[in-house]
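Given next are the chains, with one letter for each unit.
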Amino acid sequence: MTTREQVIVVMGPTAVGKSSFIYNSVPPGVPAEVKPVHDLQSETIKVQLVCWVTGSGTNVKLVDTPGFDDPRERVTDTQVLKMIVAFLTDEYKGKMSPLTGLVYIHRIDGTVGGASERNLRMFRKLCGDDSLKNVVVVTTMWDKVTLEEGGRVEQELKSSNGLFRSILDKGATMMRHDRSSNSSADIINHLLQKSPITLQIVREISEQKNALQDTAAGAELHNQIRERLRKHKEEMEKAEMHGKTQMDFAEERERMDRAMAELLKELDELKQGLAGTPHDPPSDGNEPNNFPAPPSCLMDCHGLLKLVEKYESTLAPVYPNIASSIAFCIVHFTDSVERSVRSIQCALLTLKSALELEDMYLLQRFMRMNPSLRTFTHGTWAKARDDMVIVVNDITTILFSCPNPRFSDRVWNIKGSRRFNALNKISTFMDMIVRNLRTMIDWWEPVVEAIGKIEDAARFQKGGTGFADKTIIVALPRIIRALEAYCEVYAQHSEHLQEAAMEIPL
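One numbering rule holds for all chains: residues counted from 1, following each sequence as written. Restriction of local features to residues with pLDDT of at least 70 applies here, the model being predicted, together with a cutoff of 80 or more for giving and counting side-chain atom pairs; totals for whole chains, interfaces and linings are based on all residues. In computing side-chain properties, one takes all heavy atoms of the structure into account and sets aside hydrogens as well as water.

Engineer: Account for the packing of helix α10 (residues 298-315) against helix α11 (residues 320-357), with residues named and values stated.
Structural biologist: Here an angle of 0 to 180 degrees is reported between the N-to-C directions of two axes, which are lines fitted to C-alpha atoms, with helices fitted over the stretch in contact. Every helix listed is a DSSP run of H or I at least four residues long, and every strand listed is a run of E at least two residues long, numbered separately from the N terminus. Taken N-terminus to C-terminus, the directions of α10 and α11 make an angle of 160°; their axes are 9 Å apart at the nearest point. Comparing their axes, α11 and α10 come out roughly antiparallel. For α10 against α11, the interelement crossing comes out left-handed. Contact residues: Leu-298, Cys-301, Leu-304, Leu-305, Val-308, Glu-312 and Leu-315 in α10; Pro-320, Ile-322, Ala-323, Ile-326, Ala-327, Ile-330, Phe-333, Thr-334 and Val-337 in α11. Here the contact of α10 with α11 is composed, by residue class, of 14 nonpolar, one polar and one charged. The labels follow the angle: roughly parallel below 35 degrees, roughly antiparallel above 145, roughly perpendicular from 65 to 115, and oblique for the rest. Crossings are sorted by hand: turned counterclockwise from the far helix by less than a right angle, the near helix makes the crossing left-handed, and turned clockwise it makes it right-handed. Contacts are residue-level and defined by heavy atoms, with any inter-residue pair within 4.5 Å sufficient. Each residue is assigned to one class: nonpolar for Ala, Val, Leu, Ile, Met, Phe, Trp, Tyr, Cys and Pro, charged for Asp, Glu, Lys and Arg, and polar for all the others, Gly among them.

Now the structure itself:
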């Protein structure tokens, strides 16, 4: 029967030997259990436990964690942070902490370079200085260097300017792991003698109820991503100034846009926190934090096309242009919506970068180069409404010119009545779509007004860093959320709707 549980977390950059250390730590002849937890669905990356019970009845858990520099595509530092924090807070849950110690692994041959500095900064922010007395810095890969070379590097790491001097001064210990069971056992036994600790990140989230981005580790990661965004922006400006050919610049711009989009997505993930719920942007007290969700009109258009397809053979002999007019109208409408979505997606990339960096110059330049942002999409919906109203009016005129089926001859009454009913149903459906399009136009009005406020505020402030006008700080996050919601609703249906319209003879 176990008497207590002790948890030791193993961290460090990728490819430093974390898993090897953990499996070497299991005492010979002692059965161990491997438990994958908090994994990413699309990647083979996870926080994993290796557990065993000592002869004295202590349940030991060694926690294998991914590094903050994982080279696999689409595995971000934010995802790694969320997995580690989710495990730590799940283990804690307000009870006495079972965490006995932490192992930070570093290659003695120094091949990880700057990645180790970045990982160490994150490690320290996760722990907090008062937990460093329960930390062991473990050097690995001693078989890759001579003892003389390794000893020299070890002294450099401990020196006054060394990588680990700051945490060693706060109570951390440095030990060697030479791939033997004895060396790993010495490290584990050293930590098992320690009193349990509660890490800073656990206190910040579980006790102080801070959002992930407001923790010390979250703020550190946020700053790292912002710095990478700033470097990408500077590279883009240099590419513009160096007079590259149009093709070379377009390729460079596409590469930069992809990189910046990934960084902005990572920032969004960080702001969403563990629960995945984004924080509301600030409010000025007079306006709501967010615009309402945009209504969806494209599915109604799809229903109209199905109705037209159903009655096309009935209407074609007498009214051959009705079906083609409706299909033509919807094809042009969906094409405009698709172009508006692409335009807004590009705009979002710049607006989100400007907001994150509080870069007034970037915002002002964007407003100058995109004067149609306020009118393009709004005009798309207004034109769609006007085109639809023209077709509705044409059908209404036809309906008024039709004889009343009740007083017509029998031949007209059978065929004419079918056409009359078909036109009536189509007209009714189109009236509903026109009302929905008007609702969409109404939805755009406050968004367009907010963009106008941003333009006015940006016009009167000098370029540089920082948004002096509160209007920008309040309105820009609201605009970004509204445009994101619009793209989310309308980016998925245009192609499917165009295919349906093309099935109707034009």
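Engineer: Got a sec to walk through the nonpolar core? Specific residues and values, please.
Structural biologist: Of all hydrophobic cores here, the largest spans 68 residues; its most connected members are Ile-326, Leu-363, Trp-381, Trp-444 and Tyr-486. Listing elements by their share of this core, those giving two or more residues are α10, α11, α12 (360-369), α13 (376-401), α14 (410-459) and α15 (470-490). Element by element, the count of residues in this core is highest for α14, at 18 residues. Here Leu-363 is in contact with Leu-351, Ala-354, Ile-454, Ala-458, Phe-467 and Ile-472, once residues within four sequence places are set aside. Each nonpolar core is a collection of buried residues, namely Ala, Val, Leu, Ile, Met, Phe, Trp, Tyr and Cys, held together in the definition by side-chain atoms within 4.5 Å. Partly exposed residues are those whose accessible area sits between 20% and 50% of the maximum for their type, while under 20% is buried and over 50% is exposed, using a 1.4 Å probe and protein chains only.

Engineer: Break down the packing of helix α2 (residues 77-92) against helix α7 (residues 200-207) for me, citing the residues and quoting the values.
Structural biologist: At a minimum axis separation of 10 Å, α2 and α7 run at an interaxial angle of 70°. Between α2 and α7, the crossing angle belongs to the class labelled roughly perpendicular. Once α2 is placed against α7, the crossing between them reads as right-handed. In contact with Val-85, Leu-88, Thr-89 and Tyr-92 of α2, α7 contributes Ile-201, Val-202, Ile-205, Ser-206 and Glu-207.

Engineer: Can you tell me about the pattern of salt bridges, naming the residues and giving the values?
Structural biologist: A pairing counts as a salt bridge when a side-chain nitrogen of Lys or Arg comes within 4 Å of a carboxyl oxygen of Asp or Glu. For the structure shown, the criterion picks out 18 salt bridges. Close ionic contact of Glu-156 with Arg-152 constitutes a salt bridge, the shortest N to O distance being 3.2 Å. Residue Glu-156 and its partner Arg-152 are both found in helix α4 (residues 147-158); the two are separated by four residues, about one turn of the helix. A relative accessible area of 43% places Glu-156 in the partly exposed class. A salt bridge links Lys-352 to Glu-484; its shortest N-O distance comes to 3.0 Å. Residue Lys-352 is located in helix α11, and its partner Glu-484 is located in helix α15; the two are separated by 132 residues in the primary sequence. Take Lys-352: its relative accessible area is 16%, and that puts it in the buried class.

Engineer: Can you explain empty space enclosed by the protein? Please cite residues and give values.
Structural biologist: Points on a 1 Å grid over protein atoms alone make up a cavity when a 1.4 Å probe fits among them but cannot get out, and a pocket when they form an open set with protein on both sides within 12 Å along at least five of seven lines; lining residues each have an atom within 4 Å of a point. Grid points are joined across faces, edges and corners, and a volume is the space filled by probe spheres set on the points. Scanning the model with the defined rule gives three cavities of 30 Å³ or more in all. Of the pockets and cavities examined, the largest cavity occupies roughly 100 Å³. Around the largest cavity, the lining residues are Val-7, Phe-87, Leu-88, Glu-91, Tyr-92, Ser-97, Pro-98, Leu-99, Ile-197, Thr-198, Leu-199 and Val-202. Grouping the amino acids of the lining of the largest cavity by side-chain chemistry returns nine nonpolar, two polar and one charged. The computed volume of the second largest cavity comes to approximately 50 Å³. Surrounding the second largest cavity, Val-16, Gly-17, Ser-20, Phe-21, Thr-140, Met-141, His-177 and Arg-179 form its lining.

Engineer: Please give an account of the packing of aromatic side chains that cites residues and values.
Structural biologist: Geometrically, a pair of aromatic rings is defined through the distance of the ring centres and the angle of the planes. Within 6.5 Å between ring centres, the rings of Phe, Tyr and Trp (the latter by its six-membered ring) count as paired, and their orientation is classed by plane angle as stacked under 30 degrees, edge-to-face over 60, tilted in between. Using the criterion set out here, one finds eight aromatic pairs in the structure. A ring pair is formed by Tyr-104 and Phe-123, whose centres lie 5.0 Å apart and whose planes are at 55°; its orientation type is tilted. In this pair, Tyr-104 is assigned in strand β5 (residues 99-107) and Phe-123 in helix α3 (residues 114-127), connecting sequence segments 19 residues apart. No difference in accessibility class separates Tyr-104 from Phe-123, as the two residues are buried. An aromatic cluster is present here, built from Phe-333, Trp-381, Trp-443, Trp-444, Tyr-486 and Tyr-490 joined pairwise through their rings. Above the face of the Phe-291 ring, Arg-478 is positioned so that its terminal group lies 4.1 Å from the ring centre. Geometrically, a charge over a ring is one whose NZ (Lys) or CZ (Arg) sits within 6 Å of the ring centre while staying within 35 degrees of the ring normal.

Engineer: Talk me through unusual backbone geometry; I want residue IDs and the actual numbers.
Structural biologist: Positioned with a positive phi, Arg-179 is a non-glycine residue whose angle comes to about 75°. With respect to the helices and strands, Arg-179 occurs in the loop between β7 (173-176) and α6 (181-192). A relative accessible area of 39% places Arg-179 in the partly exposed class. Even without being a glycine, Lys-209 presents a positive backbone phi close to 60°. Relative to the assigned elements, Lys-209 resides in the loop between α7 and α8 (216-241).

Engineer: With reference to specific residues and values, describe the environment of Met-367.
Structural biologist: As for its placement among the helices and strands, Met-367 is situated in helix α12. Contact partners of Met-367, with chain neighbours within four places excluded, come to Ile-454 and Glu-455.

Engineer: Hey, could you go over the side chain of Glu-154 for me, with residue numbers and the actual values?
Structural biologist: You can see Glu-154 is positioned in helix α4. The exposure class assigned to Glu-154 is buried, which follows from its relative accessible area of 7%. Once you skip the residues sitting within four places of it in the chain, Glu-154 turns out to touch Ile-108, Thr-139, Trp-142, Met-174 and Arg-176.

Engineer: Describe α4, with residues and values.
Structural biologist: Because each turn of an α-helix spans 3.6 residues, side chains separated by three or four positions in sequence point in the same direction. Taking 1.5 Å of rise per residue, the 12 residues of α4 would be expected to cover 16 Å, and the 16 Å separating its terminal C-alpha atoms lies within 8% of that figure. All of the buried residues in α4 are Gly-150, Gly-151, Val-153, Glu-154 and Leu-157. What you see down the axis of α4 is that its buried residues fit within an arc of 165°, all on one side. Where α4 is buried, its residues contact β5, β6 (135-140), α5 (165-168) and β7. Expected span of a helix, by definition, is 1.5 Å for each gap between consecutive residues, and there is one gap fewer than residues. In this description, one arc is meant: the one made by directions from the helix axis to the C-beta atoms.

Engineer: Can you break down α7 residue by residue, with the values?
Structural biologist: Those residues of α7 not exposed but buried are Ile-201, Val-202, Glu-204 and Ile-205. Taken around the axis of α7, the buried residues stretch over an arc of 165°, which confines them to a single face. In the segment just after α7, Lys-209 is the residue with positive phi, at about 60°.

Engineer: Quick rundown of the environment of Leu-62? Include the residues and the values.
Structural biologist: Topologically, Leu-62 is positioned in strand β4 (residues 58-64). A residue is classified by how much of its surface remains accessible, and Leu-62, at 0% relative accessible area, is buried. With 39 residues separating them along the chain, Leu-62 and Gly-101 place their C-alpha atoms 9.8 Å apart. Ignoring sequence-local partners within four residues, the contact set of Leu-62 consists of Ile-8, Ile-22, Ser-25, Gln-48, Leu-49, Val-50, Trp-52 and Ile-188.

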